Amino acid sequence: MVKTISVENLSKIFVSKKQKVTAVDNISFTVNQGEIFSFLGPNGAGKTTTQRMLTTLLPVDGGTAHIVGYNVLTDVKKVRANIGYVSQLGGADPNATVCENLQLTGKLYGLSGRDISQKIKKMSKLLDFNELLSRFVRTLSGGQKRRVEIAQGILHEPKILFLDELTTGLDLQNRVNLWQHIRKLRDNGMTIFLTTHYLEEADALSDRLIILDHGKIIAQGTPTDLKKKVSYEAISIELKNLQDVKKMKQFFNQLAIDNVIEADMKFTLYTSKGEELVANIFEYMKEHHIELANISLSMASLNDVFLTLTGKELRDSGKGDE
Ligand SMILES: Nc1ncnc2c1ncn2[C@@H]1O[C@H](COP(=O)(O)OP(=O)(O)O)[C@@H](O)[C@H]1O
Ligand SMILES: [Mg+2]
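## Regarding the domain arrangement of the chain
- Segmentation of the chain into domains returns domain 1 (5-222) and domain 2 (232-299).
- The C-alpha centroid of domain 2 is placed 45 Å from the C-alpha centroid of domain 1.

This is the structure we're talking about:
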């Protein structure tokens, strides 16, 4: 099977008078057809630089990259015909209407007038901005503008859509709304490659993701894989009866638990074997007639993953980027 995106040993080095910056440092990965694939990383990690190389906007310094089998260096036209790109800055002209913006995009793609009208109709329905077509872009909210810019990116109905920090600076409600639209595009068969520095976004939206830091891949997998691999799960237990506390504490001593926090009849157990332990705990309680008020198993967040791998918090490392 041809991978939709395949990247081998890709590098980019920026050289200025003062210094040499390895923005992308020998990275390799593949993206499958029809998945939402994310780059999660702090400001300066190399997310935009990678996307700009894959979208033929920046020359590659080392390694190779193929988009649906076409080389980004030698098959530029074929690559461009198969991709859409919404940059960090967005591309909609604030002083033109939504409709005018899309007409211009259609012309740039070389579509016929009739084709353009049809596609504008289709996109405004798909991305839910029918009532905004005659509005000037400068009057739109951040979320509305981003939807129009997605439409510009996919007017020619490409196989792959690149989205660079699409939701940065938007409030949660608008971000969640955009996530729903991105999922809809994926469900219609499009492959989505997005970048973000929002942990919850990478977690909620990605089928698979790469965590990038200083131009290097530090982890990759599904959000669940990543969280399972490097961090803990937390089991919260609440008992009904005080007299059972002692018995439970004795039992916990026999389990593979890294840390227990207790308060009255509540316990939080940190472990890497959550599911297995929950089963053991249920069994023990049943056997000893211990009544349960509450039990839940939750997973460590991607922030814990980033923290474990880099020793710093992703939340704090991307300051000044919004
Ligand atoms: N045109 C450029 N000239 C010099 N350095 C650059 C240029 N573009 C990006 N960089 C540097 O490359 C690194 C990666 O940047 P970028 O890809 O924009 O990161 P991200 O999108 O993850 O925030 C940063 O250190 C940035 O300063
Ligand atoms: Mg960027």
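## So, the nonpolar core
- Grouped together as the largest cluster of nonpolar side chains are 32 residues, with contacts concentrated most on Phe129, Ile150, Leu161, Leu163 and Ile192.
- Leave out the neighbours within four places in its chain, and Leu163 touches Gln51, Val86, Ile150, Ile182, Ile192, Phe193, Leu194 and Thr195.
- The next biggest cluster of nonpolar side chains, apart from the first, holds 24 residues, and it includes Ile5, Val7, Met53 and Phe162.

## What to know about the environment of Leu140
- Here Leu140 lies in the loop between helix H4 (113-126) and helix H5 (142-154).
- Along the primary structure Leu140 and Thr97 are separated by 43 residues, whereas in three dimensions their C-alpha atoms are 10.0 Å apart.
- Apart from the residues within four sequence positions on either side, Leu140 is in contact with Val98, Leu132, Arg135, Lys145 and Val148.

## Here's the deal with the coordination of the magnesium ion (ligand 2)
- Of the protein atoms, only Thr48 (OG1) and Gln88 (OE1) coordinate the magnesium ion (ligand 2), at distances of 2.0 to 2.7 Å. Here Thr48 is found in helix H1 (residues 47-54), whereas its partner Gln88 is found in the loop between strand E6 (83-86) and helix H3 (98-108), with 40 residues between them in sequence.
- By relative accessible area, which is 25% here, Thr48 ends up partly exposed.

## Quick notes on the site of ligand 1
- Looking at ligand 1, the residues that line it are Phe14, Val21, Ala23, Pro42, Asn43, Gly44, Ala45, Gly46, Lys47, Thr48 and Thr49.
- Between Ala45 and ligand 1, the recorded distance is 3.1 Å, taken from a backbone N or O atom to an oxygen atom.
- One of the side-chain nitrogen or oxygen atoms of Lys47 is found 2.9 Å away from an oxygen atom of ligand 1.
- When ligand 1 sits alone it has 560 Å² of accessible area, and the protein chains cover 60% of it.
- For the shell around ligand 1, the elements supplying multiple residues, two or more each, are strand E2 (20-31) and H1.
- Of all the elements, H1 adds the most residues to the shell around ligand 1, at 3 residues.

## Quick word on the confidence of the model for the chain
- When pLDDT is averaged across the chain, the result is 91; 95% of the residues are at 70 or more.
- Low pLDDT, under 50, characterises residues 318-322; the stretch is placed with 10 contacts to residues that sit more than four places away or in other chains.

## Examining the packing of aromatic side chains
- Applying the stated criterion across every chain, the model contains 9 aromatic pairs.
- Three or more aromatic residues link up through ring pairs in this structure, and these residues are Phe29, Phe37, Phe39, Phe162 and Phe193.
- In this arrangement the basic side chain of Arg138 is found over the ring face of Phe136, its NZ or CZ atom lying 4.6 Å from the centre.
- In this arrangement the basic side chain of Arg175 is found over the ring face of Tyr198, its NZ or CZ atom lying 3.6 Å from the centre.

Quick notes on the rules
Residues numbered from 1 in each chain as written. Chains lettered and ligands numbered in written order. Predicted model: local features only at pLDDT ≥ 70, side-chain atom pairs only at ≥ 80, totals over all residues. Heavy atoms only, no water. Domains from an automatic or database assignment. Core = buried A, V, L, I, M, F, W, Y, C linked by side-chain atoms within 4.5 Å. Buried < 20%, exposed > 50% of the residue type's maximum accessible area, 1.4 Å probe, protein only. Contact = heavy atoms within 4.5 Å. Helix = DSSP H or I, 4+ residues; strand = E, 2+ residues; numbered from the N terminus. Donors = N, O, S within 2.8 Å, 3.2 Å for Na, K, Ca; no water. Near = heavy atom within 4 Å. Polar contact = N/O pair within 3.5 Å; in protein donor to acceptor, adjacent residues only side chain to side chain. Areas by Shrake-Rupley, 256 points an atom, 1.4 Å probe, with all protein chains shown as cover. pLDDT = per-residue confidence, 0-100. Phe/Tyr/Trp six-rings, centres within 6.5 Å; stacked < 30°, edge-to-face > 60°. Lys NZ or Arg CZ within 6 Å of the ring centre and 35° of its normal.

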